[in-house]
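# Architecture and fold: a report
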Amino acid sequence: MSHQPCAVVGVGQTHHKTRRWDVSLGGLVREAASRALEDAQMDWSDIDAVVLGKAPDLFEGVMKPELYLTDALGAHGKPMFRVHTAGSVGATTGIVAAHHVETGRHKRVLAVAYQKQSEGNAQFALGSGRGGSLGAGGAFAPYMRSYIARSGSPLDIGPMVAVKDRLNALKNPYAHLKLADISLEKVKESQMMWEPVRYLESCPSSDGACAVVLTDEEGGKAAAADGRPPAWILGTAVRSEPSTFPGRDPVTPQGAFDCADDLYKQAGITNPREQLDCAELYVPFSWYEPMWLEAHRIAEKGAGWKMVESGETALDGDFPVNMSGGVLSSNPIGASGLLRLAEAALQVRGMAGEHQIDGAKVALGQAYGAAAQYFSMWVVANSLDPFGR
Amino acid sequence: MASSDDIAIIGWAVSPMERRTAKTEQQMLFEVVSDAVDHAGITRADVDFTVAGSCDYVAGQAFSFVQNIDAVGAWPPKRDSHVEMDGAWALYETWIRLLAGDIDVALATGSGRSSTADPALIYPMEMDPFYLAPLGADALSFSALQARALLDAGKVTERQMAEIALRSRTSAKDNPHTQVSGEFDLDEALATDYVRAPLRKHDLPPITDGAACVVIARADKAREICQNPVWIKGFAHYSELHNPGMRDLLTSPSTTLAAKAAGLDEAPVDFAELQVAFSHEEVILREALGLEDDTPVNRSGGPLAANPVMASGLVRIAESARQIREGQGRRGVAHATSGPCLQQNLVCVLEGDER
Amino acid sequence: MTAPAAGTVEMTIRFPYKRSLGPVIGAFMTGLASQQILGIRNGAEVMCPPLEWDPRTGKELQHDDLVEVGPAGTVVSWTWVPKPSAQHPLDRPFALALIKLDGADTSLTHAVDAGSLDAMSTGMRVAPRWKAERQGHITDIEAFVPGEEPQGLDDVLPDEPVAMMPYNAEIPYTLPIAVNTLRNAAALREHRLIGLRCPVCSRTYAGDRAFCPIDTTALTAEHEVELPQTGTLTNYTIITPVQYPGQTETEPFARCMILVDDSDLVLGYQPVIDLPVDQVRVGVRVQLVWGDTDIDGWQPTGDPDVDDPDLVNRIY
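## A closer look at the domain arrangement of chain B
Residue and element names in this part refer to chain B. Annotation of chain B at the domain level lists domain 1 (7-118 + 207-229) and domain 2 (128-203 + 232-350). Taken together, the contacts link 41 residues of domain 1 with 30 residues of domain 2. Among the residues of domain 1 in contact with domain 2, Trp-12, Met-17 and Trp-89 are the three that bury the most area, contributing 25% of the side total. Our count for the domain 1 to domain 2 interface comes out at zero salt bridges. At the junction of domain 1 with domain 2, the criterion picks out 13 residue pairs in polar contact (both at pLDDT 80 or more). The set of elements that each furnish at least two residues to the side of domain 1 that touches domain 2 consists of strand 1 (7-14), helix 4 (87-99), strand 4 (105-113) and strand 7 (209-218). Residue composition of the side of domain 1 that touches domain 2, by class: 23 nonpolar, 13 polar and five charged.

If you want it as structure tokens, here you go:
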């Protein structure tokens, strides 16, 4: 059995907020899942299998939540699967779901990822309740310092990314942060959190969920014929690497290159900068945008920041990044990876509304996790063969 | 006749099963992975994809699986994933991935140290957070409720439950990878107090620290590496709604669905390894799988002899592969379960080569 | 409570969670606070406890299609809990049971305070005994008791609808400490800084590391090397503390990467001493400062900074 085509025919997400206290846990995931089903013109009964992903259960204090959420996600009498690969989990969820379709096991698979962080406390969960926690930003701040030093990047680049993503978020009805008065000055004046990263250069803590409906070639073509263009998956890749060994480079990790190379080969991409129209990259702290552009070979080494500075990665630029506002604007940790994949799919389906890139045909969605050591990525396109191979 | 779609188990390892290990989870995994790749006749470098099954709450730490990749071997960077489920589901993910046909060898691990905390305090956390967890309603209590329902319906007697436990633990004497084995007097056992009526001590699994690793390969590669591959003929899992108060506790429909999808009914099996943590569950599972009355179940002893939570299901698959390799049968079925009262069930049908 | 065995550490995961209930569970809990047990209509059936969805199909139910059930019901199954845990609703032996309340088609799980195992039977009738102080929680019913009549009835109603629920998870763990961690701790007590040198690639790892992840080789006592107690600060961050239960810091504090002399080992996120946060910089020469049993931090030696543009990349 080889690889069969897989199409994204439904995307749904919640309104991401600091606290979604208007819904129960089940209500949160169902909000995203029902929107995805509606988008796919399907019912719960049309789904053959469910893949659920989220980051540590300590965030909500519900262990193995796929058990409780089986019936909330219409999975009574169906396979239910739960992945957990730290921050990249949302993307891994989409990829594992895609494999279920690509290998012919199931025809219609629902992928759901979520986090209801407000029920606990993210800092607590990250540090397992111990004092003096680094917090997520503290762990990565040295990586960003290293990037700035080695690339010679001006210090404004991080704040520029922070502004760009929040301005993009104003065009995304689901985004958490709506900072209409965001500016470079505001970002540079905001509280220093994990030097060199300031408060306004950091992601929020959000409650939210994302869901995607995946189907096979027949289903994708039927949706297309029905005027509901699918996003075709051209490739998926995952990599993990150890966090700590002398000589490791966590700024442009080997795993990031290897994952991208594997992905591009599957998708027939030899020049990512030219062949990709846009990207949703997992940027929870501003400096990660230029870092991932380099680590995924979209920019030359040391030149990622130039793409930011020149406006190439802005919504109206030549290589838009994080059109949705990205993780900097909404971060339900377990869902954020799936949101990247989903937003990439929306772009090539022409369904990204106000944050749509005109003519986007091929898009990259990427997520990372833990000490920049887990990578999950996919490339989607509006056809199965956009490069005419 | 194996086709290129077929995937085989080419090696495995099961750790010592202990009441309380002095090892870290990472250490346990390092050893089972080393042993499993040796057993398969390969090295870690030959493995294209790894998936771990483990649980943060069992480990007592958020992101506990992250340090475990050191033990699995993720350099150069590896295709790798993790499920917060028993290793049997980790193996399922590796199997799905190999079906894509572009990579050849994968391994799955399952690990858990149940000794580190009181299960009565941990397992309520996997129940309905509003209606069940706040009552401290845990897996043992729900199993007992299911046992009571079976007794009331006349589907089992307490004596039969004890017989299942006795048979399992007696059989475990021949298995070095168990914790509790040996015969006991049925009448004496039936005279002891209930631990959680109607369950007595002998009806319950031990608390076990342990790990397992299973290595699989695609057909051509399996034949190249392994003289005695154990073919995965069918692999499927299904879930049911969560709340036991809303389900019929006398049956396990998701087990039946999984068995059908795995093609269990295509031919009789020579044995079964079932994740029976509580003795009465064997009655339900036998029926749900449609096993013949004389099909041997849990010759390894099963979870009643060693229950390394998060690896128990994967161990059933490893034990099944071992029995086939050792000529104790040609076709067998392994089962894994998760959640209260057999909420989620996985079935894996294995076959050795024709002789 | 006996002391943990040598080579183990005790820790407790403890956090006060608060859950939002949403429209249906919220109505149910508000009902409990009002001494009312509600179910939700699901087609021709009534589900209690109520979910927002049909558990068999996933279909959304009508959230306000609620109906009172009970108060009495029939025990469908039961078990006896002779030694209640800290999480159980009663601190004396009790039954946990599936109870089909009159008018409901599914069973509610709850405690039955029957007094003894012999008083329990499938098919017996039970009714709720209400707590006087209710908060909109499943334990507003203290337990069910044998009989038809509810106990503890009063006129007290909640001030407002119940929307949230607390959940205080507390799990104590006893974790074995790895051999290398123990040996490293012994070295630290002796004020020795040790590393472990991989026999295959020669990288030096921290003394408590179990494996070289590059070669997947176990690191043992035979790989131990004595390390100098001086090094160079290669990278750092200054953290502004956030409040959360368990937080100990109040002022911005530095965490630094220290490249240990004569090795390739970088110790991550180390505290510094006698180095104000505004003077923390790449290249500072530092030496180890000991506490009683562990590294307190790293202190500037006063030697000139190391000037090497590659230093900042030595995060690991």
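Picking up after the structure, the text goes on.
## Some details on the pairing of strand 7 (residues 108-112) of chain C
All names here are of chain C. In terms of residue burial, strand 7 counts as a mostly covered element, since five of its five residues are buried. Two elements, strand 6 (residues 94-101) and strand 7, share five bridges in a ladder whose sense is antiparallel. Pairing of Leu-98 across the sheet is with Thr-109, part of strand 7. Two successive antiparallel strands, strand 6 and strand 7, enclose a turn made up of six residues, where Gly-103 displays a positive phi of approximately 95°.

## Description of the packing of aromatic side chains
Geometrically, a pair of aromatic rings is defined through the distance of the ring centres and the angle of the planes. Residue and element names in this part refer to chain A. Applying the stated criterion across every chain yields a total of 22 aromatic pairs over all chains. With centroids separated by 6.0 Å and ring planes inclined at 45°, the aromatic side chains of Phe-140 and Phe-285 adopt a geometry described as tilted. Separated by 145 residues along the polypeptide, Phe-140 in helix 5 (residues 135-151) and Phe-285 in the loop between strand 9 (278-280) and helix 11 (288-295) bring together distant segments of the chain. Note on accessibility: Phe-140 and Phe-285 belong to one class, buried. Measuring from centroid to centroid gives 5.7 Å for Phe-140 and Tyr-288, while their planes differ by 90°, and the two rings are edge-to-face.

## Points about the interface of chain B and chain A
Facing 51 residues of chain B, the contacting portion of chain A comprises 53 residues. In total, chain B and chain A occlude about 4800 Å² of area from one another, counting both sides; carbon and sulfur atoms represent 63% of this. Our count for the chain B to chain A interface comes out at two salt bridges. One salt bridge in this structure joins Arg-79 of chain B and Asp-262 of chain A, with 3.3 Å as the shortest N-O distance. Across the chain B-chain A interface, the total number found is 17 residue pairs in polar contact (both at pLDDT 80 or more). Of all elements in the fold, only helix 2 (56-59), helix 3 (64-72), strand 3 (79-83), helix 4 and strand 8 (230-239) of chain B reach the threshold of two or more residues within the side of chain B that touches chain A. Top element by residues in the side of chain B that touches chain A is helix 4 of chain B. It accounts for seven residues. Its residues assigned to classes, the side of chain B that touches chain A comprises 28 nonpolar, 11 polar and 12 charged.

## Some details on the confidence of the model for chain C
Per-residue confidence for chain C gives a mean pLDDT of 95, with 97% of residues at or over 70. Interface scoring of the predicted complex returns ipTM 0.95; its pTM is 0.96.

## Quick notes on the domain arrangement of chain C
Looking at chain C, the domain boundaries give domain 1 (12-170) and domain 2 (178-313). One C-alpha centre belongs to domain 1 of chain C, the other to domain 2 of chain C; they are set 53 Å apart.

## Describing the sheet that holds strand 11 (residues 194-197) of chain C
All names here are of chain C. The three strands are arranged 12-11-15 in an open sheet whose pairing can be described as antiparallel. Edge positions in the sheet fall to strand 12 (204-206) and strand 15 (224-226), since each has one partner strand and no second. Neighbour-to-neighbour, the strand axes of this sheet turn through a mean angle of 45°, independent of strand direction. For strand 11 and strand 12, the ladder comprises three bridges, and the chain directions are antiparallel. Counterpart to Gly-195 in the pairing with strand 12 is Ala-206.

## Topic: the interface of chain B and chain C
Counting residues at the interface gives 54 residues for chain B and 58 residues for chain C. Here chain B packs against chain C, burying approximately 4500 Å² in sum over the two surfaces, 67% of which is carbon and sulfur. At the boundary of chain B and chain C, one finds one salt bridge. The partner of Asp-70 of chain B in a salt bridge is Arg-209 of chain C, with the nearest N and O atoms 2.7 Å apart. Across the chain B-chain C interface, the total number found is 13 residue pairs in polar contact (both at pLDDT 80 or more). Of all the secondary-structure elements, those providing two or more residues to the side of chain B that touches chain C are helix 1 (25-40), helix 2, helix 3, helix 5 (119-122), helix 6 (139-152) and strand 5 (194-196) of chain B. No other element matches helix 6 of chain B, which puts seven residues into the side of chain B that touches chain C. Class assignment for the residues of the side of chain B that touches chain C results in 32 nonpolar, 12 polar and 10 charged.

## Points about helix 8 (residues 217-225) of chain A
Residues and elements named next belong to chain A. Taken together, the buried positions of helix 8 are Gly-219, Gly-220 and Ala-223. The buried side chains of helix 8 occupy one side of the element, clustering within an arc of 100° when seen end-on. The outward face of helix 8, more than 90 degrees from its buried face, is lined by the exposed residues Glu-218 and Ala-225. Where the residues of helix 8 are buried, they touch strand 1 (6-13), strand 7 (207-216) and strand 8 (231-240). Gly-227 lies just past helix 8 and shows a positive phi near 80°.

## Some thoughts on helix 4 of chain B
Residue and element names in this part refer to chain B. Taking 1.5 Å per residue, 13 residues should reach 18 Å; helix 4 reaches 18 Å between its end C-alpha atoms and fits that length. Burial analysis of helix 4 places 13 of its 13 residues in the buried class, which makes it a mostly covered element. Looking at where helix 4 begins, the residue whose side-chain oxygen comes 2.8 Å from the main-chain nitrogen of Ala-88 is Asp-86. Following helix 4 by one or two positions, Gly-101 adopts a phi angle in the positive range, close to 90°.

## Considering the environment of Ile-269 of chain A
Residue and element names in this part refer to chain A. You can see Ile-269 is positioned in the loop between helix 9 (254-267) and helix 10 (272-275). For the pair formed by Ile-269 and Asn-322, sequence separation is 53 residues and the distance between their alpha carbons is 20 Å. Ile-269 has contacts with Tyr-264, Gln-275, Leu-276, Val-379 and Phe-387, leaving out every residue within four places of it along the chain.

## Observations regarding the pattern of salt bridges
Note on pairing: side chains with opposite charge can pair once their charged atoms come close. What the rule picks out here adds up to 63 salt bridges over all chains. Among the ionic pairs, Arg-19 of chain C bridges to Glu-119 of chain A, the shortest N-O distance being 2.9 Å. In this pair, Arg-19 of chain C is assigned in strand 1 (residues 8-20) and Glu-119 of chain A in the loop between strand 4 (108-116) and helix 4 (122-126), connecting two distinct chains. Exposure class is identical for Arg-19 of chain C and Glu-119 of chain A. Each is buried. For the salt bridge of Glu-351 of chain B with Arg-331 of chain B, the shortest nitrogen-to-oxygen distance reads 2.7 Å. Highlighted residues: Glu-351 of chain B in strand 11 (residues 344-351) and Arg-331 of chain B in strand 10 (residues 331-338), separated in sequence by 20 residues. In this pair, the class of Glu-351 of chain B matches that of Arg-331 of chain B, namely buried. Shared partners join several salt bridges into a network, and the residues in it are Lys-54, Asp-57, Glu-60, Glu-66 and Arg-82 of chain A.

## Some details on the layout of surface pockets
Residue and element names in this part refer to chain B. Of the pockets and cavities examined, the second largest pocket occupies roughly 1400 Å³. Along the walls of the second largest pocket sit 46 residues, with Pro-119, Leu-140, Pro-205, Ile-207 and Phe-278 positioned nearest its centre. At the level of secondary structure, the elements contributing two or more residues to the lining of the second largest pocket comprise helix 5, helix 6, strand 5 and strand 10.

## Some thoughts on the packing of helix 3 (residues 89-102) of chain A against helix 14 (residues 333-349) of chain A
Residues and elements named next belong to chain A. For the pair helix 3 and helix 14, the least separation of the axes is 5 Å and the interaxial angle reads 55°. Classed by the angle they form, the pair helix 3 and helix 14 counts as oblique. Contacts from Val-89, Gly-90, Ala-91, Gly-94 and Ile-95 in helix 3 reach Gly-334, Gly-337, Leu-338 and Leu-341 in helix 14. A per-class count over the contact of helix 3 with helix 14 returns five nonpolar, four polar and no charged.

Cut-offs applied
Residues numbered from 1 in each chain as written. Chains lettered and ligands numbered in written order. Predicted model: local features only at pLDDT ≥ 70, side-chain atom pairs only at ≥ 80, totals over all residues. Heavy atoms only, no water. Domains from an automatic or database assignment. Contact = heavy atoms within 4.5 Å. Buried area = accessible area lost by both parts, 1.4 Å probe. Salt bridge = Lys/Arg side-chain N within 4 Å of Asp/Glu carboxyl O. Polar contact = N/O pair within 3.5 Å; in protein donor to acceptor, adjacent residues only side chain to side chain. Helix = DSSP H or I, 4+ residues; strand = E, 2+ residues; numbered from the N terminus. Nonpolar A, V, L, I, M, F, W, Y, C, P; charged D, E, K, R; others polar. Buried < 20%, exposed > 50% of the residue type's maximum accessible area, 1.4 Å probe, protein only. Pairing = 2+ DSSP bridges. Phe/Tyr/Trp six-rings, centres within 6.5 Å; stacked < 30°, edge-to-face > 60°. pLDDT = per-residue confidence, 0-100. Axes fitted to C-alpha atoms, helices over the stretch in contact; angles between N-to-C directions. Arc of directions from axis to C-beta. Expected span 1.5 Å × (residues − 1). 1 Å grid on protein atoms, 1.4 Å probe; cavity = no way out; pocket = protein on both sides within 12 Å on 5 of 7 lines; lining within 4 Å. Points joined across faces, edges and corners; volume = space filled by probe spheres on them. Parallel < 35°, antiparallel > 145°, perpendicular 65-115°, else oblique.

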